[in-house]
Amino acid sequence: MDETEKAIKKIKNGVFVVTFSLDGINYGLTTAWVNRASFKPNSVMVSIGRNRKGYNELLDCEIFCVNILGNEHLEIARHFGDTNGNNINNFKDLEFKFMENGSPVLKNCVAAFECKLVKKIDAGDHVVLFGEVLNGIDQEGEGMIFNREDFS
Ligand SMILES: Cc1cc2nc3c(=O)[nH]c(=O)nc-3n(C[C@H](O)[C@H](O)[C@H](O)COP(=O)(O)O)c2cc1C
């Protein structure tokens, strides 16, 4: 790994699952590249690889939920972060309910908020989605910090 790559990897990220529902199918995608984008309106940005399975469905859906995972949720992060995309629509064995705008929310996530997709910006091999935050829930616990070794 060159020095520039080492430098950029020192950015600290949380670990999240972006969830949404389309045509009766629930989707979940582990993401680390999520950040707050503005206070007014309250908005966040999520960077999604343009070839990710579920990407087109996410755009069609227009409403998504950011589930913030805690340290105890490593298995959930691995489940929805499978880069074969095998589990992106697999909520089997996971407890969830629906938020008021129809997104599935993982029962034990430490917090979650639903967003309306308001803008997307091309960023090389990723696309940055801007979501205006509609509503949120705050539950027990603190967010997990992404550690590469947990996913190797
Ligand atoms: C810890 C972790 C963080 C990830 N962060 C992102 C991310 O920010 N953006 C993204 O597009 N994919 C991210 N991924 C990969 C997707 O979760 C994965 O690509 C997805 O499950 C779909 O699979 P596919 O790549 O086969 O389409 C991450 C995976 C893991 C394990």
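One structure accompanies this document, and this report is about it. (Residues numbered from 1 in each chain as written. Predicted model: local features only at pLDDT ≥ 70, side-chain atom pairs only at ≥ 80, totals over all residues.)

### Quick look at the overall build of the chain
Right, so step 1: Each helix and strand counted, the chain has three helices and nine strands in total.
Right, so step 2: The helix and strand sequence of the chain, counted from the amino end, reads α-β-β-β-β-α-β-α-β-β-β-β.
Right, so step 3: Relative to a compact globule of 152 residues, whose C-alpha radius of gyration would be 15 Å, the chain shows 15 Å and is just as compact.
Right, so step 4: Oriented by its inertia axes, the alpha-carbon framework of the chain measures out at about 45 × 30 × 30 Å.
Right, so step 5: Within the chain, contacts between residues separated by at least 24 positions form 66% of all contacts whose residues are at least 6 apart in sequence. (Helix = DSSP H or I, 4+ residues; strand = E, 2+ residues; numbered from the N terminus. Rg over C-alpha atoms; globule rule 2.2 N^0.38 Å. Contact = placed C-beta atoms within 7 Å.)

### Section: the sheet that holds strand β1 (residues 16-22)
Right, so step 1: Across the sheet, which stays open at both edges, the seven strands sit in the order β2-β1-β5-β8-β9-β4-β3 with antiparallel pairing between neighbours. At either end of the open sheet lies a strand with only one pairing partner, and these are β2 (25-31) and β3 (34-38). This sheet shows a mean twist of 35 degrees between the axes of neighbouring strands, independent of strand direction.
Right, so step 2: As paired elements, strand β4 (residues 43-49) and strand β9 (residues 126-138) share seven bridges and run antiparallel to each other. Along β9, the bridge assignment pairs Met45 with Phe130. (Pairing = 2+ DSSP bridges. Axes fitted to C-alpha atoms, helices over the stretch in contact; angles between N-to-C directions.)

### Here's the deal with the site of the ligand
Right, so step 1: Residues in close proximity to the ligand total 21 residues, the closest being Thr31, Trp33, Lys53, Gly81 and Gly85.
Right, so step 2: Listed by contribution, the elements that provide at least two residues to the shell around the ligand are β2, β4 and α3 (74-80).
Right, so step 3: Of the residues contributing to the shell around the ligand, the split by class is ten nonpolar, eight polar and three charged. (Near = placed C-beta within 6 Å. Nonpolar A, V, L, I, M, F, W, Y, C, P; charged D, E, K, R; others polar.)

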